[in-house]
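Each chain is listed here by its residues.
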Amino acid sequence: MNGTFYHTGLHKTGFYQAAHTTFGGKIRFSDFNRKITMSEMADRIRSDQSFDEQCRKNTEKKQYREANGHEHNAAYAD
């Protein structure tokens, strides 16, 4: 049941647990003051996706180092 809903007619039962494995993006004050262009929105989405991808790569590197008995000091890993 973790992370799922059971649908019974019009009602949802169960619970949902967020994975928190990706970055949701920054909310900026300007988001509430003005309209942004589609280009600005696309740039922000791509930037957030790039951040998620870099975090995923870092996690994979860390897991590899730990699984293979390498140093745990990430500052000198690259």
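Our subject is the structure that appears above.
Residues numbered from 1 in each chain as written. Predicted model: local features only at pLDDT ≥ 70, side-chain atom pairs only at ≥ 80, totals over all residues. Heavy atoms only, no water.

Hey, could you run me through the overall build of the chain in this one?
When helices and strands are counted, the chain shows two helices and two strands. Across the 78 residues in the chain, those meeting the buried criterion constitute 3%. Sequence-distant contacts in the chain: of pairs separated by 6 or more residues, those separated by 24 or more amount to 15%. For the chain, the exposed surface amounts to about 7200 Å²; the carbon and sulfur share of it is 55%. (Helix = DSSP H or I, 4+ residues; strand = E, 2+ residues; numbered from the N terminus. Buried < 20%, exposed > 50% of the residue type's maximum accessible area, 1.4 Å probe, protein only. Contact = heavy atoms within 4.5 Å. Areas by Shrake-Rupley, 256 points an atom, 1.4 Å probe, with all protein chains shown as cover.)

Looking at this structure, I do not really get the pattern of salt bridges. What am I missing?
Pairing between side chains of opposite charge can happen when their charged atoms approach one another. Here the structure, examined in full by the defined rule, presents two salt bridges. Note that Glu60 is salt-bridged to Arg56, the shortest N-O span being 2.3 Å. Residue Glu60 and its partner Arg56 are both found in helix H2 (residues 38-67); the two are separated by four residues, about one turn of the helix. Residues joined in a network through salt bridges with shared partners are Glu53, Arg56 and Glu60. (Salt bridge = Lys/Arg side-chain N within 4 Å of Asp/Glu carboxyl O.)

Which parts of the structure should I look at to understand the environment of Cys55?
Structurally, Cys55 can be placed in helix H2. Owing to a relative accessible area of 33%, Cys55 belongs among the partly exposed residues under this scheme.

Explain a nonpolar patch on the surface to me, please; I cannot follow it from the model alone.
There is a patch of nonpolar side chains on the surface, built from Met38, Met41 and Ile45 and spanning about 310 Å² of accessible area. Residue Ile45 is classed as partly exposed on the basis of its relative accessible area of 46%. (Patch = residues over 30% accessible without salt bridge, like charges linked within 9 Å, V, L, I, M, F, W, Y side chains within 5 Å.)

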